Amino acid sequence: MTQEKANLMWGGRFAGGQDALMEEINASIDFDKRLAEHDIFASKVHAKMLSDQGIISEEDYKSIVGGLDQISLQIKKNEFIFDRALEDIHMNVEARLKEIIGEPAGRLHTARSRNDQVATDFRLWVRDQIDFSQKLIKSLIEALLDQAELGADWVMPGFTHLQMAQPVTWGHHMMAYVEMFSRDLSRFTDARDRMNECPLGSAALAGTSFPINREKTSSALHFKAPSANSLDAVSDRDFALEFLSVSSICGMHLSRLAEELVIWSSAQFKLISLSDRFSTGSSIMPQKKNPDAAELIRAKIGRIFGANVALMIVMKGLPLAYSKDMQEDKEQVFDAADNLMVALAAMSGMIKDLKANKENMEAAAHFGFSTATDLADWLVQKLNLPFREAHHITGQIVQRAEVKKCDLCDLDLAVIREVDDRITEDIYSVLSVQNSVASRASYGGTAPSQVRSQIARWRKTLEL
């Protein structure tokens, strides 16, 4: 590393060069070059404001913008050489700008610091990731709605504790995830609104004495307002933490759905078939079709959780304002965003392609005496029994069905009446799984009528 490069930004204070190890620990260009597009965008806006305010000349402004446009093109063409000796994306761009336009490049950094520069660039990048995440979530929700509409009246087993509980419809199960991911969509919207304040103009930590126009730069960068406190603007990363937090919750929903796809596609369940596009085989067992995409989603979510915790730990002990620790913010967020995007896209593809096995689902819904609750409800409604007494009677009837190794709907009425002779033949009207799901017509219930109503509501709400 040359003395000239090492001291380009702050060399006036230092007589000697850095140790090579210091360069290794200090440089961030290997990862923060991902901010190049946003850095150049913000620099052009900053230069325009400086010119409009009479802080730099119109001629210097035009020269700066022309040089930045050349750099942007070089980066897009992979012709830009990123230099670790220059530490970060900001100084790499500024150094190249100086090579292109000479002395006017030095005026670009007037009335700003790398502290507000990186805070602005990073917010712009995270904001874009939120927008992209929302597009992918909407695509996934649309795939879930399509599946729900196709199987609005297909009966399948519902589970608690992964044990047979009550029959539900395939459409109802799909709509449960629509609700989850719609809340994720809402959380991203809220996070975006909260983070959408512009740090540019906060300078190092105290603002600047130059007559800048922060409202102008904020508006040009599509923020809703400039940040109101310069110390806070440069020293907090709660916008990145909120992105990671919301991503973690969304990731948790993805992982739960991935787990169900793994279970449902197993030979023991056979409730669905995943497409070849999102499955793999075995190197030794030719019969295998593995749900690897779902399993990898499940694993990748752990990296998002880890990024959230890691950045929390980086930030938890920092005094105001900026500390170099905060350079460790970006790799965590970059990695989490990458994994969230691929997980959302892969899940959307799997849901679009999967085939639900209607016959197997309905057959499985009969297992485990899934209509026992319907039987208890009938006793309450028809015989005016307290629910706890009805629960006890139903348990005795289930025991008889277990002994006879048959489903509740296949028990003879005489056997049922051995438990309680007030029970009539009308009991069979509630013991089929089809009648069970149709009867759950309370708002938000599994009845096909309710499922179709919710599908229509979400299609209208999301304009899908």
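Residues numbered from 1 in each chain as written. Predicted model: local features only at pLDDT ≥ 70, side-chain atom pairs only at ≥ 80, totals over all residues. Heavy atoms only, no water.

A word on the overall build of the chain
Heads up, the rule is: To qualify as a helix, a DSSP run of H or I must reach at least 4 residues; to qualify as a strand, a run of E must reach at least 2; elements of each kind are numbered from the N terminus. Radius of gyration here is computed from C-alpha atoms only, and the compact-globule reference equals 2.2 Å multiplied by the residue count raised to the power 0.38. Only protein chains enter the calculation, and the probe is 1.4 Å; a residue is then buried if its accessible area is under 20% of its type maximum, exposed if over 50%, and partly exposed in between. By the convention used here, residues are in contact when the closest approach between their heavy atoms is within 4.5 Å. All accessibility values rest on the Shrake-Rupley procedure with a 1.4 Å probe; residue burial counts only the protein chains present in the view.
Secondary structure assignment for the chain yields 19 helices and six strands. Scaling as 2.2 N^0.38, a compact globule of 464 residues should have a C-alpha radius of gyration of about 23 Å, whereas the chain reaches 31 Å, well beyond that. By principal-axis analysis of the C-alpha atoms, the chain measures approximately 100 × 50 × 40 Å. Buried residues in the chain amount to 50% of all 464 residues. If you take every contact in the chain between residues at least 6 apart in sequence, the share linking residues at least 24 apart comes to 75%. When the accessible surface of the chain is split by element, carbon and sulfur atoms take 52% of a total near 22,100 Å².

Remarks on the packing of helix α7 (residues 114-150) against helix α8 (residues 170-195)
Let me state the cut-off plainly: Simply put, an axis is a line fit to the C-alpha atoms, just over the touching stretch for a helix, and the angle between two N-to-C directions goes from 0 to 180 degrees. Put simply, angles under 35 degrees are roughly parallel, angles over 145 are roughly antiparallel, angles from 65 to 115 are roughly perpendicular, and the rest are oblique. By definition, turning the near helix anticlockwise from the far helix through less than a right angle yields a left-handed crossing, and turning it clockwise yields a right-handed one. Under the scheme applied here, ten amino acids are nonpolar (Ala, Val, Leu, Ile, Met, Phe, Trp, Tyr, Cys and Pro), four are charged (Asp, Glu, Lys and Arg), and all others, including Gly, are polar.
At their nearest, the axes of α7 and α8 sit 9 Å apart, and the two run at 165° to each other. Classed by the angle they form, the pair α7 and α8 counts as roughly antiparallel. Crossing geometry of α7 relative to α8 is assigned as left-handed. Split into classes, the residues belonging to the contact of α7 with α8 amount to 18 nonpolar, six polar and six charged.

Here's the deal with the packing of aromatic side chains
Stated precisely, the cut-off is as follows: Aromatic pairing here means that ring centres of Phe, Tyr or Trp (its six-membered ring) are within 6.5 Å. Orientation follows from the plane angle: under 30 degrees is stacked, over 60 is edge-to-face, and everything else is tilted. Each ring is checked for a lysine NZ or an arginine CZ that lies within 6 Å of its centre and within 35 degrees of its normal; such an atom marks a charge sitting over the ring.
Within this structure, the stated rule accounts for eight aromatic pairs. The structure contains a cluster of three or more aromatic residues connected by ring pairs, namely F122, W125, F239 and F334. Geometry around F334 places R34 over its ring, the cationic atom sitting 4.9 Å from the centre. If you follow K330 out to its NZ or CZ, it ends over the ring of F122, 5.6 Å from the centre.

Quick notes on the pairing of strand β1 (residues 155-160)
The criterion, for reference: Any two strands with at least two DSSP bridges between them are considered paired.
In terms of strand pairing, β1 meets strand β2 (residues 163-169) through five bridges, oriented antiparallel. Across the sheet, residue P157 finds its bridge partner in β2, namely P167. The loop that links β1 with its antiparallel partner β2 comprises two residues; one of these, H161, has a positive phi angle of about 60°.

Points about the environment of D426
Relative to the helices and strands, D426 is located in the loop between α17 (413-419) and α18 (433-439). In this structure, the C-alpha to C-alpha distance between D426 and D236, residues 190 residues apart in sequence, is 66 Å. Among all residues touching D426, those that are not within four sequence positions of it are W378 and K382.

Section: the packing of α7 against helix α19 (residues 448-462)
At a minimum axis distance of 10 Å, the contact between α7 and α19 shows a crossing angle of 155°. In terms of their interaxial angle, α7 and α19 are classed as roughly antiparallel. You can see that α7 and α19 cross each other, and the crossing is left-handed. Counting all contacts with α7, which are made through I141, L145, D146, A148 and E149, the residues of α19 involved are V451, I455, W458, R459 and L462. Split by residue class, the contact of α7 with α19 holds seven nonpolar, no polar and three charged.

Overview of helix α11 (residues 238-264)
Cut-off, in case you're wondering: Expected helix span is given by 1.5 Å per residue-to-residue step, counting one fewer step than there are residues.
The end-to-end C-alpha distance of α11 is 39 Å, a good match for the 39 Å that 27 residues give at a rise of 1.5 Å each. Of all 27 residues in α11, 20 are buried; the element is thus mostly enclosed.

Details of the pattern of salt bridges
Let me state the cut-off plainly: Definition used for salt bridges: Asp or Glu carboxyl oxygen within 4 Å of a side-chain nitrogen of Lys or Arg.
In the structure shown here, the tally under the stated rule is 29 salt bridges. Between R84 and D30 there is a salt bridge, and its shortest N-O distance comes to 2.9 Å. Pair noted here: R84 is in the loop between α5 (58-76) and α6 (89-101) and D30 is in helix α3 (residues 29-32), with a separation of 54 residues, a long-range link. Looking at R84, the relative accessible area reads 24%, which means it is partly exposed. For the salt bridge of E103 with R107, the shortest nitrogen-to-oxygen distance reads 3.0 Å. Judged by its relative accessible area of 52%, E103 is exposed. Overall, the relative accessible area of 37% leaves R107 in the partly exposed class. If you follow the salt bridges from partner to partner, you end up with E87, D88, R114 and K324 in one network.

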